[in-house]
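A structural walkthrough
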Amino acid sequence: MTAKRVVHIIGTGTIGEPLIGLFLNLREQLALDAVTFHKNRPLLSDRAKVKNLIRRGAQLVVAAETMRDFEKLGMQPTYDVQQALEQATVVIDCTPDGVANQHKTAWFHQMPATTGFLAQGSETGFGKPYACGINDMALVPGEDRFIQVVSCNTHNLAVLTDTLALADEAPDNLLEGRFVCMRRASDISQEKSFIAAPEAGKHTDPTFGTHHAQDAWRLFHTRGFDLNLFSSAIKLNTQYMHSIWFNLKVRRPVTLEEVIDKLTANKYVALTEKTMANPIFSFGRDQGFFGRILNQTVVSVPTLTVRDGHEITGFCFTPQDGNALLSSIAATAWLMYPETCAQRIHQFVEACLFDEV
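Values in this document were obtained by computation on a predicted structure and should not be read as measured data.

The next thing to look at is the packing of aromatic side chains. Across all of its chains, the model carries 10 aromatic pairs by this definition. Each member of the aromatic cluster is reached from another via a ring pair, and the members are W107, F108, F117, F126 and F146. Over the ring of F126 we find K104, and its NZ or CZ is 5.5 Å from the ring centre. A cation sits over an aromatic face here: R344 above Y337, 3.6 Å from the ring centre.

Quick look at the pattern of salt bridges now. This structure, assessed with the given rule, holds 13 salt bridges. Residue K128 pairs with D144 through a salt bridge whose shortest N-O separation is 3.0 Å. Placement of the pair is K128 in strand β7 (residues 128-130) and D144 in the loop between β7 and β8 (146-149), with a sequence separation of 16 residues. Accessibility expressed as a relative area gives 9% for D144, which makes it buried. With a closest N to O distance of 3.3 Å, R184 and D321 form a salt bridge. Placement of R184 in strand β9 (residues 174-184) and of D321 in the loop between β16 (311-318) and α10 (322-336) is noted, with a sequence separation of 137 residues between them. Among the residues examined, R184 registers a relative accessible area of 7% and is labelled buried. Each of the salt bridges in this network shares a partner with another, and the network as a whole consists of K39, D46 and K49.

Cut-offs applied
Residues numbered from 1 in each chain as written. Predicted model: local features only at pLDDT ≥ 70, side-chain atom pairs only at ≥ 80, totals over all residues. Heavy atoms only, no water. Phe/Tyr/Trp six-rings, centres within 6.5 Å; stacked < 30°, edge-to-face > 60°. Lys NZ or Arg CZ within 6 Å of the ring centre and 35° of its normal. Salt bridge = Lys/Arg side-chain N within 4 Å of Asp/Glu carboxyl O. Helix = DSSP H or I, 4+ residues; strand = E, 2+ residues; numbered from the N terminus. Buried < 20%, exposed > 50% of the residue type's maximum accessible area, 1.4 Å probe, protein only.

Here is the structure:
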């Protein structure tokens, strides 16, 4: 009898909830028998979300000692945590920073039969850093059971660097990459963490500045590159989208027309004539899958410029967690079907990526 294929997602936050929905829509392409999700606390405010996910076919997983509490609130669990983990083919941990590494120590290391595990964001040390379309070639079947899907802004830094400085060029074509990540204060779904005014971020690393450049360096290091990257960050009082100012100095002369052609040729890059976050966000809400743009970045064409033929500067916008969702799907497909993963999700990916926003 063929073993069941089950994707288990821990967490129902800004990444976990849409990821559950995406995998429900991909059940046929990935030949999934079940999509299960772990909810930690029985909250009345989350009941509508949980019941709707169950209605669409997902199966609720809770700790054994909280089952009665969920049932009292009208949320019917299918499995307890131990049962769900034992049957999972791939586990995707969408908990806050640091928790996935705790789960790795407490649970995941004791699960040799599970094909693979994913963590989200800046979960350094969890496994091999990964971003779809950037370092797929670095994943090794049978070896990389633990994969860290890098943060949404790190996806953006990486695709800009790869497309404009490294594609069809030697790694030493990039002289330096400088980035300012202007982060939204909170997701529109979050009730806390909003701020009243811009808040400058600290440079926590003397070499890379913030974790965004450091994570991007780690990502490219899986390809054998040692890149000169540095990032700064500032949090803005908006809930729409992250935005990034970038400056890439390259060895080979380049024109603005060539820059636009390079960006156009990359299917993971969307171009836009817009210069404000709100109409781009609105486009994703109206046209995107689950209201999200799944491209790695949205580059604002009017802001692009090339100085002295070697310095590429511009602004772009980071799809709110959409790029990390796409990488999570791609990594899961690779863990389950390393030889045919691209073919299995090709139709979905092509349908969800935009050339223009």
